[in-house]
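Residue-level structure breakdown
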Amino acid sequence: MSSLQGYVDHRVLLILQDGRAIVGVMAGYDQKSNVVLSDTKERVYSIEEGVEEIPLGLYLVKGDQIALIGELDEAVDKSVDLSTIRAEPIPPIRY
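Residues numbered from 1 in each chain as written. Predicted model: local features only at pLDDT ≥ 70, side-chain atom pairs only at ≥ 80, totals over all residues. Heavy atoms only, no water.

It is worth spelling out the overall build of the protein chain at this point. Summing up its helical and strand segments, the protein chain has one helix and five strands in all. Here the C-alpha atoms of the protein chain give a radius of gyration of 13 Å, agreeing with the 12 Å that 2.2 N^0.38 yields for 95 residues. A buried classification covers 32% of the 95 residues belonging to the protein chain. Across the protein chain, every contact between residues at least 6 apart in sequence was considered, and the portion connecting residues at least 24 apart equals 53%. Across the protein chain, the mean location of the 9 positive side-chain charges is 4 Å away from that of the 16 negative side-chain charges. (Helix = DSSP H or I, 4+ residues; strand = E, 2+ residues; numbered from the N terminus. Rg over C-alpha atoms; globule rule 2.2 N^0.38 Å. Buried < 20%, exposed > 50% of the residue type's maximum accessible area, 1.4 Å probe, protein only. Contact = heavy atoms within 4.5 Å. Lys, Arg positive; Asp, Glu negative; His and termini not counted. Charge placed at Lys NZ, Arg CZ, Asp CG, Glu CD.)

This part covers the pattern of salt bridges. Taken as a whole and judged by the stated rule, the model has five salt bridges. Salt-bridge contacts for Arg11 lead to Glu74; the nearest nitrogen and oxygen are separated by 3.9 Å. Of this pair, Arg11 sits in strand β1 (residues 11–16) while Glu74 sits in helix α1 (residues 74–79), and the two are 63 residues apart along the sequence. Look at Arg11 and you get buried, because its relative accessible area is 15%. Ionic pairing is found between Asp77 and Arg43, a salt bridge with its closest N-O pair at 2.8 Å. Taken together, the residues span a long stretch of sequence, with Asp77 in helix α1 and Arg43 in strand β3 (residues 35–44) at a distance of 34 residues. By relative accessible area, which is 19% here, Asp77 ends up buried. Within this structure, Arg11, Asp39 and Glu74 form a network of salt bridges that share partners. (Salt bridge = Lys/Arg side-chain N within 4 Å of Asp/Glu carboxyl O.)

The next subject is the environment of Tyr29. Mapped onto the elements, Tyr29 comes out in strand β2 (residues 21–29). As for Tyr29 and Asp81, which are separated by 52 residues in sequence, their C-alpha atoms are 30 Å apart. Polar side-chain contacts of Tyr29 include one of 3.1 Å to the side chain of Gln5. (Polar contact = N/O pair within 3.5 Å; in protein donor to acceptor, adjacent residues only side chain to side chain.)

It is worth spelling out unusual backbone geometry at this point. The backbone of Asp9 sits at a positive phi, close to 70°, despite the residue not being glycine. Considering the arrangement of structural elements, one finds Asp9 in the segment before β1. Classification of Asp9 as exposed rests on a relative accessible area of 62%. One non-glycine residue, Ser33, adopts positive backbone phi at about 65°. Tracing the backbone shows Ser33 in the loop between β2 and β3. Its relative accessible area of 26% is what places Ser33 among the partly exposed residues.

Bridge count for β1 against β2 is five bridges, and the pairing is antiparallel. Within the sheet, the bridge partner assigned to Leu14 lies in β2 and is Ile22. Remark: four residues form the turn of the hairpin made by β1 and β2, two consecutive strands paired antiparallel; Gly19 in that turn has positive phi of roughly 95°. Sheet topology places β2 next to β3; seven bridges connect them, and they run antiparallel. The partner of Gly28 across the bridge, within β3, is Val36. If you look at the hairpin formed by β2 and β3, you'll find five residues sitting between the two strands, and Ser33 has a positive phi there, around 65°. (Pairing = 2+ DSSP bridges.)

Set out below in structure tokens:
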């Protein structure tokens, strides 16, 4: 749990078990790894179109839905033109 402390106040990317990619600033977390993000956007990937960013604002993600959390390098992230990226959506995790 303490490893999440290093992500607080940093821009992170969450990959959820249903395949969604969520980007936001980690505002906090709790003992069950539920995460609160501010300035949140969902990135929707598509083969036909570029990456679409859907603004979500303040967002709570249940810890049991998170497959991956990683810190984003903001300078690199801002330098990438998401409209030129074509990719298949991440499939949901199946048990």
